[in-house]
Amino acid sequence: MAQAQSYTLTELEAQFLQKNTQVIASKYAVDKADALIVQEKLWQNPTLSLSEVNLWKTYNIETQPHLFGQYGTAQQIAVELEQVIETAGKRKKRVVIKQLEKQSVVLEYEELMRELKKELRMAYYSLQRSQQLEEQLQQTLALFTQLNVQYERQAQAQNIAKSDYLRVQTELLQLQKESVSLENDKYEAIQLMRILTHNLDLELHQIVFPQTSIQPQGWDFQNLAAEAKTQNILLKKQQNEMALAFSQLKLEQSHRVPNLAVQMNYDRGGNIMSDFIGFAVSMDLPIFNRNKGNIKAAELAIDQQKAQFQTVDNELEKRILNLKQQLERLEKSLSNWNTQNITDQKQILENYRKHLQNKQVTLMEFIDFSSAQREANQAYFELLETYHKTKEELQYIIGKDI
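Calculation notes
- Residues numbered from 1 in each chain as written.
- Predicted model: local features only at pLDDT ≥ 70, side-chain atom pairs only at ≥ 80, totals over all residues.
- Heavy atoms only, no water.
- Helix = DSSP H or I, 4+ residues; strand = E, 2+ residues; numbered from the N terminus.
- Rg over C-alpha atoms; globule rule 2.2 N^0.38 Å.
- Buried < 20%, exposed > 50% of the residue type's maximum accessible area, 1.4 Å probe, protein only.
- Areas by Shrake-Rupley, 256 points an atom, 1.4 Å probe, with all protein chains shown as cover.
- Lys, Arg positive; Asp, Glu negative; His and termini not counted.
- Charge placed at Lys NZ, Arg CZ, Asp CG, Glu CD.
- 1 Å grid on protein atoms, 1.4 Å probe; cavity = no way out; pocket = protein on both sides within 12 Å on 5 of 7 lines; lining within 4 Å.
- Points joined across faces, edges and corners; volume = space filled by probe spheres on them.
- Nonpolar A, V, L, I, M, F, W, Y, C, P; charged D, E, K, R; others polar.
- Patch = residues over 30% accessible without salt bridge, like charges linked within 9 Å, V, L, I, M, F, W, Y side chains within 5 Å.
- Salt bridge = Lys/Arg side-chain N within 4 Å of Asp/Glu carboxyl O.
- Phe/Tyr/Trp six-rings, centres within 6.5 Å; stacked < 30°, edge-to-face > 60°.
- Lys NZ or Arg CZ within 6 Å of the ring centre and 35° of its normal.

Caption draft 1: Here's a closer look at the overall build of the protein. In terms of helices and strands, the protein carries 10 helices and 4 strands. Over its C-alpha atoms the protein spans a radius of gyration of 39 Å, topping by over 25% the 21 Å that the globule rule assigns to 402 residues. Reported as C-alpha extents along the three principal axes, the dimensions of the protein are approximately 140 × 50 × 35 Å. Looking at the 402 residues of the protein, the share that counts as buried comes to 37%. When the accessible area of the protein is evaluated, it comes to approximately 24,200 Å², of which 53% is carbon and sulfur surface. When the 46 basic and 51 acidic side-chain charges of the protein are each reduced to a single mean position, those positions are 2 Å apart.

Caption draft 2: A look at empty space enclosed by the protein. Applying the stated criterion across every chain yields a total of 2 cavities of 30 Å³ or more. Here the largest cavity defines a volume of roughly 90 Å³. Lining the largest cavity are Arg114, Lys117, Lys118, Arg121, Glu392, Gln395, Tyr396 and Asp401. Listing elements by their share of the lining of the largest cavity, those giving two or more residues are α3 (90-156) and α10 (363-398). Among the elements that take part in the lining of the largest cavity, α3 stands out by supplying 4 residues, more than any other. Residue composition of the lining of the largest cavity, by class: 1 nonpolar, 1 polar and 6 charged. For the second largest cavity, the calculated volume is near 30 Å³. For the second largest cavity, the full set of lining residues is Tyr125, Gln128, Arg129, Gln132, Phe381, Leu384, Glu385 and His388. Mapped onto the lining of the second largest cavity, the elements with two or more residues apiece are α3 and α10.

Caption draft 3: Representation of a nonpolar patch on the surface within the structure. A cluster of nonpolar side chains, contributed by Leu48, Leu81, Met264, Ile277 and Phe279, occupies part of the molecular surface with about 550 Å² of accessible area. By relative accessible area, which is 65% here, Leu48 ends up exposed.

Caption draft 4: Expanded view of the packing of aromatic side chains. According to the stated counting rule, one finds 4 aromatic pairs in the structure shown. Arranged with centres 5.7 Å apart and planes meeting at 35°, the rings of Phe144 and Phe366 form a pair that is tilted. Within this pair, whereas Phe144 is found in helix α3, its partner Phe366 is found in helix α10, the two being separated by 222 residues in sequence. Like Phe366, Phe144 is buried. Pairing Tyr380 with Phe381 gives two aromatic rings, centres 5.5 Å apart and planes at 65°, and the pair type is edge-to-face. For the residue pair Tyr380 and Phe381, the accessibility class agrees, reading buried in each case. Across from the ring centre of Tyr396, 4.4 Å away, lies the NZ or CZ of Lys118, which sits over that ring.

Structure (structure tokens):
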């Protein structure tokens with residue numbers, strides 16, 4: 001029998017990057033931006049015009065040489081070729097803008113990838129917490145299922161009070177309810193992971209959850225903030241928007257300089273020369289429109305982007321500090337837990353059951369103990385999940401794994 005495929009978190013992330021259609025579709029947007037850059041580098045096409053063509057013969061004309069064959073002695077024609085030459089580096093400035101727009105698309109792709117990657121990891125840690133709780137719960141559930149059978153038999157034989165049996169039965173029903181809730185949580189998490197990885201055959205038993213021990217990492221706020229300055233996606237996007245605003249201002253300023261239109265004319269039979277070839281240059285006179293409004297708007301856009309950048313920068317530092325403090329509190333709390341008791345829960349419960357059989361503890365004491373132990377384990381696993389998710393949030397904000 002072939003061994004079932006197993007997946008670590010790293011392998012699941014690799015599947016996500018290869019198969020997720022949202023990520024793949026976002027890559028096409030980058031290619032599209034590249035194509036627009038190529039288009040923006042091209043010169044404007046020259047304009048060719050044909051005019052003054054007579055389709056009939058008039059009288060009192062000067063005879064012209066034949067155009068071809070025996071045709072053209074009475075035909076007049078004018079041809080004009082015009083090429084617009086952009087001044088002040090307008091075309092290069094537009095190319096720079098397109099390159100910055102491409103960078104915006106790249107950053108959006110990176111942002112989407114990081115958001116979905118974080119979502120995958122969050123689902124992974126939620127599934128890990130549910131799985132750990134389920135394993136612990138099943139031990140207690142099996143024990144109370146056995147007790148329920150025993151107490152039902154003893155109650156029917158009137159060896160114990162029926163209220164004791166009902167108390168065990170009530171506790172069993174509560175455990176079964178918790179088990180159903182955990183099953184629902186696991187189903188939602190695994191479904192999300194299937195969607196993100198496009199692995200619809202992914203099953204819980206295939207996912208590898210490593211045994212982790214939490215050790216204080218000595219989070220350095222200055223280092224974290226410095227990393228975020230260069231890696232945070234929102235900050236990068238805002239910096240790119242500022243660069244776009246500056247480039248747009250340069251382009252608007254260049255529009256104050258009029259473009260040139262270079263022309264070459266050929267006129268056959270239209271003036272004193274039979275075949276006239278001439279050249280001309282034309283340009284707009286910047287008298288009424290010096291593009292002042294667009295330039296002012298571009299300057300205001302720069303001020304706006306600067307203010308937004310400062311807002312993002314301030315919020316980023318506050319968020320990093322808050323997450324750093326949360327991680328330190330979680331590390332301190334988790335270090336106080338005796339994980340050996342969680343590992344040995346089955347033996348501890350079995351010992352306590354023996355105390356119950358030997359009447360060294362009452363039924364209520366046994367139920368209270370098992371309930372308190374279960375709640376303690378639940379609190380530990382939830383704290384562990386919160387720690388992992390908080391760390392993921394910090395890594396997302398910084399822009400790299402730490």
